[in-house]
Amino acid sequence: MQDHDLDLLIDACRIAGRIATSYAGKTAKRWDKPEDAGPVTEADLAVNDMFHAVLRQARPDYGWLSEETEDSTARQDCDTVFIVDPIDGTRSFAAGDPTWAHSVAVAHKGHVTAAVVYLPLRDKLYAARKGGGATLNGTHMRVSSQKTLHKSSVLTTRPAMKDSNWKNGAPDVDFNYRPSLAYRMACIAEGRFDVMFTFRPTWEWDIAAGELIIAEAGGAISDRTGRPLTFNNPTPQLNGVIAGTPLVHRDTLDALHPA
């Protein structure tokens with residue numbers, strides 16, 4: 001772990017934005033991954049190649065975990081690891097929608113220490129360093145002041161709002177959706193929404209950067225059972241994620257059926 005990791009991530013994300021936007025979303029070559037693992041485009045792979053070259057050259061002793069790189073047990077031998085989603089929201093990218101993001105983090109002994117979520121087409125760069133607060137385009141940000149899940153503004157998917165997930169049926173909230181998980185988390189840190197959640201097994205690269213950004217903006221975050229998130233696990237998946245203002249986060253956990 002080095003003091004200038006965040007600067008490295010920011011510089012790499014700026015380059016990634018230029019690469020990704022050089023591909024026209026709808027005309028970028030696209031195909032589906034095996035086992036219904038979702039779509040990938042030539043832009044995802046080009047950005048992944050750049051991240052790998054730039055970040056590993058700068059920090060050759062760091063491990064590597066990326067959605068677009070075949071996983072290796074070698075990262076388990078590293079105290080510090082890059083966790084990368086080259087393009088989070090590939091479907092949006094391929095459709096020509098601007099709500100996709102580059103999501104990059106550094107995790108040291110399981111805990112994220114530097115993080116960036118960057119949306120080139122919205123000119124939004126969210127960043128955080130452990131103990132240094134969270135920023136949007138260089139300006140510090142905080143989560144909202146909402147105190148209860150009731151009437152809060154929520155970022156999630158329709159299936160998460162099924163009555164069967166909740167002890168007393170789905171709560172009365174203002175439902176909203178953004179396709180990129182990383183962007184949903186950044187929106188919570190920005191204070192635009194009060195809580196986000198997903199109850200499905202969640203890949204580390206989707207949420208590692210957002211985890212630190214929310215925490216440094218004063219939010220609370222856990223898996224769907226309330227356990228703290230740790231990263232660089234042998235199987236890089238977590239048991240869902242709930243993130244929001246501290247009181248709404250607690251309210252959400254209390255309202256859910258046990259997983």
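In case you missed it, the structure is sitting above this.
Notes on the structure follow.

The next subject is the nonpolar core. Counting residues in each nonpolar core, the largest one holds 41 residues, and the members touching the most others are Val 117, Tyr 126, Ile 213 and Phe 231. Counting only elements with at least two residues in this core, the list comes to β4 (80-88), β5 (101-108), β6 (111-119), β7 (124-129), β8 (134-136), α4 (181-190), α5 (204-216) and β16 (241-244). If one sorts the elements of this core by residue count, α4 sits on top with 8 residues. In this structure, Ala 20, Ala 43, Leu 55 and Phe 93 belong to the second largest nonpolar core, which totals 26 residues.

Here we come to the sheet that holds strand β11 (residues 174-176). Taken in spatial order, the 5 strands make up an open sheet running β11-β10-β12-β16-β14, and their pairing is mixed. Lying at the two open borders of the sheet, with one neighbouring strand each, are β11 and β14 (220-222). Shown here is a sheet whose adjacent strand axes are inclined to one another by a mean of 15°, direction ignored. In this sheet, β16 lies alongside β14 in antiparallel orientation, the contact comprising 3 bridges.

This paragraph deals with the side chain of Asn 232. Looking at the element boundaries, Asn 232 is found in the loop between β14 and β15 (237-238). Take Asn 232: its relative accessible area is 11%, and that puts it in the buried class. In this structure the side chain of Asn 232 is engaged in a polar contact, spanning 2.6 Å, whose partner is the side chain of Arg 75. Apart from residues no more than four positions distant in its own chain, Asn 232 is found in contact with Arg 75, Gln 76, Cys 78, Val 81, Ile 83 and Glu 204.

Residues Val 241 and Ala 243 of β16 are buried on one face, and the alternating residues Ile 242 and Gly 244, pointing to the opposite face, are buried as well. Across 4 bridges, the pairing between strand β12 (residues 195-198) and β16 is antiparallel. Opposite Thr 198, over in β16, you have Val 241 as the bridge partner.

Turning next to the packing of aromatic side chains. Within the structure shown, the criterion is met by 7 aromatic pairs. Summarising the aromatic geometry, the rings of Phe 93 and Trp 100 are spaced 5.1 Å apart at their centres and angled 85° between planes, so their arrangement reads as edge-to-face. Phe 93 gets classed as buried once you look at its relative accessible area, which sits at 3%. Taking the relative accessible area as the measure of exposure, Trp 100 reaches 2% and is therefore buried. Plain terms: the ring middles of Trp 166 and Phe 199 are 5.9 Å apart, the flat faces sit at 70° to each other, and that makes the pair edge-to-face. Here Trp 166, found in the loop between β10 (153-155) and β11, pairs with Phe 199, found in the loop between β12 and β13 (202-203); they are 33 residues apart in sequence, far enough to count as distant. The two residues Trp 166 and Phe 199 agree in class, both being buried.

Rules and cut-offs
Residues numbered from 1 in each chain as written. Predicted model: local features only at pLDDT ≥ 70, side-chain atom pairs only at ≥ 80, totals over all residues. Heavy atoms only, no water. Core = buried A, V, L, I, M, F, W, Y, C linked by side-chain atoms within 4.5 Å. Buried < 20%, exposed > 50% of the residue type's maximum accessible area, 1.4 Å probe, protein only. Helix = DSSP H or I, 4+ residues; strand = E, 2+ residues; numbered from the N terminus. Pairing = 2+ DSSP bridges. Axes fitted to C-alpha atoms, helices over the stretch in contact; angles between N-to-C directions. Polar contact = N/O pair within 3.5 Å; in protein donor to acceptor, adjacent residues only side chain to side chain. Contact = heavy atoms within 4.5 Å. Phe/Tyr/Trp six-rings, centres within 6.5 Å; stacked < 30°, edge-to-face > 60°.

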